[in-house]
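What follows is the residue order along each chain.
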Amino acid sequence: GENVEQHPSTLSVQEGDSAVIKCTYSDSASNYFPWYKQELGKRPQLIIDIRSNVGEKKDQRIAVTLNKTAKHFSLHITETQPEDSAVYFCAASAPSGTYKYIFGTGTRLKVLA
Amino acid sequence: NAGVTQTPKFQVLKTGQSMTLQCAQDMNHNSMYWYRQDPGMGLRLIYYSASEGTTDKGEVPNGYNVSRLNKREFSLRLESAAPSQTSVYFCASSRAGLASYNEQFFGPGTRLTVL
């Protein structure tokens, strides 16, 4: 069945260092890959997304890379700041026409000042 | 625009009681979703509605029912609550349609405790 694996489950970095979170998906038909940030007690919010016709996308300190052959995609956060501390979820679109999204289990990122 | 709204924000039920969680969006989105979030389990899809008039089961539908009342509103009903349904429930909507996937917008969540 459809599955998205996300690693690591927790990640601690020093302020100013980079953080990388990796996800692997199972369905080769997936074509949309969003990343959500969820702060404590808040709702998930989109921070960046990528479609299957693009290999990399950047938005200031955040970037996402996609390797369709290997079926994995990664979130890169550079120059981390304390406000980057949150839980990050990756997701992949389910087969076309279902309009479902399959979520990873989340990564708790702690940025240490 | 209010985006996605959910009511109530908090609810405590006794085992066997029923309740309906309400969700509405004002973004004219076609697709709406109900997720539950448990510690360490991420977001698990309960039911979704790809368009007005359709509903489909997600990953964990047992014990729940849904109604897509109109394009704006999508409700989730627990007919006989069980302690295993203690969770945070999120409603979401998306402009997904015509074979295109897009950003999901989430509501603020409902924290449900079943005693």
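The structure this text deals with has already been given above.
None of these values were measured; they are calculated from a predicted model.

## What to know about the pairing of strand β8 (residues 72-77) of chain A
A regular strand carries its side chains on alternate faces of the sheet.
Residues and elements named next belong to chain A.
So, step 1. Across six bridges, strand β3 (residues 19-25) lies against β8 in antiparallel orientation. Bridge assignment links Val20 to a residue of β8, and that residue is His76.
So, step 2. In this sheet, β8 lies alongside strand β7 (residues 62-67) in antiparallel orientation, the contact comprising six bridges. For Thr65, the partnering residue across the bridge sits in β8 and is Ser74.
So, step 3. Linking β7 to β8, which pair antiparallel, is a turn of four residues; within it Lys71 sits at a positive phi near 60°.

## Brief notes about the side chain of Gln85 of chain B
Residues and elements named next belong to chain B.
So, step 1. With respect to the secondary-structure elements, Gln85 resides in the loop between β8 (74-78) and β9 (87-94).
So, step 2. Judged by its relative accessible area of 6%, Gln85 falls in the buried class.
So, step 3. Those residues in contact with Gln85 that sit more than four places away from it in its chain are Arg36, Asn62, Gly63, Tyr64, Leu78, Ser80, Leu112 and Val114.

## Brief notes about the nonpolar core
Residue and element names in this part refer to chain A.
So, step 1. If you look at the biggest cluster of nonpolar residues, it comprises 25 residues, and the most contacted ones within it are Trp35, Phe73, Leu75 and Leu109.
So, step 2. Those elements giving two or more residues to this core turn out to be β2 (10-14), β3, β4 (32-38), β5 (45-51), β7, β8, β9 (86-93) and β11 (107-112).
So, step 3. Leu75 has contacts with Ala19, Val20, Ile21, Trp35, Ile47, Ile48, Ile62, Ala63 and Tyr88, leaving out every residue within four places of it along the chain.

## Quick word on the sheet that holds strand β1 (residues 4-7) of chain B
Residues and elements named next belong to chain B.
So, step 1. In space, the four strands of this open sheet follow the order β1-β3-β8-β7, with antiparallel pairing throughout. At either margin of the open sheet sits one strand with a lone partner, and together these are β1 and β7 (64-68). Each strand axis lies, on average, 15° off the axis of its neighbour in the sheet, ignoring direction.
So, step 2. Where β7 and β8 come together, five bridges link them in antiparallel fashion. Bridged to Tyr64 within β8 is Leu78.

## Digging into the pattern of salt bridges
So, step 1. If you walk through the whole model with that rule in mind, you get six salt bridges over all chains.
So, step 2. Residues Arg36 of chain B and Asp38 of chain B are paired through a salt bridge, measuring 3.0 Å at the closest nitrogen-oxygen approach.

## A word on the state of the cysteines
Residues and elements named next belong to chain A.
So, step 1. All chains considered together, the criterion is met by two disulfides over all chains.
So, step 2. Bridging Cys23 to Cys90, the disulfide has an S-S length of 1.9 Å. Sign of the S-S torsion, about -100° for the bond between Cys23 and Cys90, identifies this disulfide as left-handed. Of this pair, Cys23 sits in strand β3 while Cys90 is found in strand β9, placing the two residues 67 residues apart along the sequence.
So, step 3. On the basis of relative accessibility, which here comes to 1%, the residue Cys23 falls in the buried class.

## Regarding the sheet that holds β8 of chain A
All names here are of chain A.
So, step 1. A sheet is described by the order of its strands in space; here five strands give the open sequence β1-β3-β8-β7-β6, paired in antiparallel fashion. Each edge of the open sheet carries a strand with a single partner, namely β1 (4-7) and β6 (56-59). Averaged over all pairs of adjacent strands, the angle between their axes in this sheet comes to 15°, without regard to strand direction.
So, step 2. With four bridges joining them, β6 and β7 adopt antiparallel strand pairing. What sits directly across from Asp59, in β7, is Ile62.

Procedures and definitions
Counting restarts for each chain, with residues numbered from 1 along the sequence as it is written. Starting at A for chains and at 1 for ligands, labels are handed out in the order in which the entities are written. Local features in a predicted model are, by the rule used here, given only for residues with pLDDT of at least 70; side-chain atom pairs are given and counted only at 80 or more, and totals for whole chains, interfaces and linings are based on all residues. Side-chain numbers come from the whole structure's heavy atoms, not from hydrogens or water. Whether two strands pair comes down to DSSP finding at least two bridges between them. Secondary structure elements are taken from DSSP: a helix is a run of H or I of four residues or more, a strand is a run of E of two residues or more, and numbering for both begins at the N terminus. Relative accessibility decides the category of a residue: with a 1.4 Å probe and only protein chains considered, values under 20% of the type maximum give buried, values over 50% give exposed, and everything between is partly exposed. When checking whether two residues touch, look at their non-hydrogen atoms; a contact exists if any pair is within 4.5 Å. Put simply, a nonpolar core is a bunch of buried Ala, Val, Leu, Ile, Met, Phe, Trp, Tyr and Cys residues held in one set by side-chain atoms that sit within 4.5 Å of each other. The axes are straight lines fitted to the C-alpha atoms, using for helices just the contacting stretch, and the angles between their N-to-C directions are given from 0 to 180°. By salt bridge we mean one thing: a side-chain nitrogen of Lys or Arg within 4 Å of a carboxyl oxygen of Asp or Glu. In this description, the term disulfide denotes a pair of cysteine sulfurs within 2.5 Å.

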